[in-house]
Amino acid sequence: MKRYEIREDERGRGLFDNQLGDFFHNRQGIFEEAHHVFIKNGCMAWREKHQKKRRVRILEMGFGTGVNCICVYNWAQSERIDVEYISLDLYPLDMDTQQDFWQADFSKMEPYIKADWRSSFNEGGFTRFTQETVDFGLQKIVYDIKCLRDLSILKKSVDVVMFDAFSPDAQPELWQITVFKEIFDVQVSGGLWVSYASRTMIKKALEQSGYRIKIKEGALGKREMLQAWVPVDQCT
Ligand SMILES: C[S@@+](CC[C@H](N)C(=O)[O-])C[C@H]1O[C@@H](n2cnc3c(N)ncnc32)[C@H](O)[C@@H]1O
């Protein structure tokens, strides 16, 4: 069986991982959910508290199809802020799967995304997109989020973490205090961790890792989602 396939039914069209048994996105609104969780309650929420900063360092857990990355790129253009976007993915998608996923949806992104984005999405390594308004560095790393402490480039430098793992049912081992503690340790004072999930055990694990939790309204009719802030007094 192929690991990845596009599935389509009355609930929408989406990319499914047969090995981990989960969809990559909420099929009811892929860009809507990404925008609500990672832009409105992620980048924009962080920006409100750090208005003087001209540059933001973002760590994404799970590059996947690059939907979140595109949303951040568009936000950066409108906000005129430079971005260093580091995205980890242990199982990067192959070119065929990327193309299958994007062919139906890519057209609506054409006004924003240049063709060279597409090819760079399928490669590892570093790409820099410098437009008139912003400097956007995208670094894709094939890496296991569970080993973050060994990733020396991060040090204590990350402003925003976009935690976009598969659901806690599909990958319970990623929603654990051991993982969150290592993420906390690479974040700066006043930094933000954000995700679509909201289970009590996740809140507790984040709190035990040092974060302060804020519960926000979820996307597309979901009741809740989570922001977790690094307390400002954790400054080193
Ligand atoms: C829900 S999908 C992310 C969707 C993605 N952000 C997008 O916009 O398409 C979860 C991603 O996490 C990756 N992943 C799974 N286990 C991982 C691990 N241990 N470390 C890093 N990435 C992992 C998967 O390969 C997948 O791309």
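Above this text sits the structure in question.
Residues numbered from 1 in each chain as written. Predicted model: local features only at pLDDT ≥ 70, side-chain atom pairs only at ≥ 80, totals over all residues.

Visitor: Would you take a moment to explain the overall build of the chain for this structure?
Guide: Assigned secondary structure in the chain consists of six helices and 11 strands. Here the chain holds 236 residues, and the buried ones make up 36% of them. (Helix = DSSP H or I, 4+ residues; strand = E, 2+ residues; numbered from the N terminus. Buried ≥ 20, exposed ≤ 12 C-beta atoms within 10 Å, placed from the backbone.)

Visitor: Is there a simple way to explain helix α5 (residues 177–186) in this structure?
Guide: Along an α-helix, residues three or four positions apart point the same way, because every turn accommodates 3.6 residues. Regarding α5, the residues found buried are V179, F180, I183, F184 and V186. Looking straight down α5, one finds its buried side chains confined to an arc of 165°; they lie on one side. As for α5, its buried residues are in contact with β8 (158–163), β9 (187–195) and α6 (200–209). (Arc of directions from axis to C-beta. Contact = placed C-beta atoms within 7 Å.)

Visitor: Help me understand the packing of α5 against α6 in this model?
Guide: The geometry of a pair of packed helices is captured by two quantities: the angle between their axes and the separation between those axes. Running from amino to carboxyl end, α5 crosses α6 at an angle of 45°, the nearest separation of the two axes being 8 Å. Relative to α6, the element α5 is oriented oblique. For the pair α5 and α6, the sense of crossing is right-handed. For the pair α5 and α6, contact is made by I177, F180, K181 and F184 and by A205, L206, Q208 and S209, respectively. (Axes fitted to C-alpha atoms, helices over the stretch in contact; angles between N-to-C directions. Parallel < 35°, antiparallel > 145°, perpendicular 65-115°, else oblique. Left-handed = near helix turned anticlockwise from the far one by under 90°.)

Visitor: Help me understand the packing of helix α1 (residues 30–49) against helix α2 (residues 67–79) in this model?
Guide: Between α1 and α2, whose axes approach to 9 Å, the crossing angle comes to 45°. As far as their axial angle goes, α2 and α1 are oblique. Remark: the crossing between α1 and α2 carries right-handed chirality. Only V67, N68, C71, V72, W75 and E79 of α2 make contact with α1, whose side of the interface consists of I30, F31, A34, H35, F38, I39, C43 and R47. Split by residue class, the contact of α1 with α2 holds 10 nonpolar, two polar and two charged. (Nonpolar A, V, L, I, M, F, W, Y, C, P; charged D, E, K, R; others polar.)

Visitor: Explanation requested: the sheet that holds strand β2 (residues 12–17) in the structure shown.
Guide: Sheet strands pair via backbone hydrogen bonds, and the direction of the pair is either parallel or antiparallel. The strand order β1-β2-β3 describes an open sheet built from three strands, whose pairing is antiparallel. At either end of the open sheet lies a strand with only one pairing partner, and these are β1 (4–9) and β3 (22–23). (Pairing = 2+ DSSP bridges.)

Visitor: How do you make sense of the site of the ligand when you look at a structure like this?
Guide: Residues in contact with the ligand amount to 19 residues; listed here are only the nearest, G62, G64, T65, V67 and Y91. Among the residues forming the shell around the ligand, the class breakdown is nine nonpolar, six polar and four charged. (Near = placed C-beta within 6 Å.)

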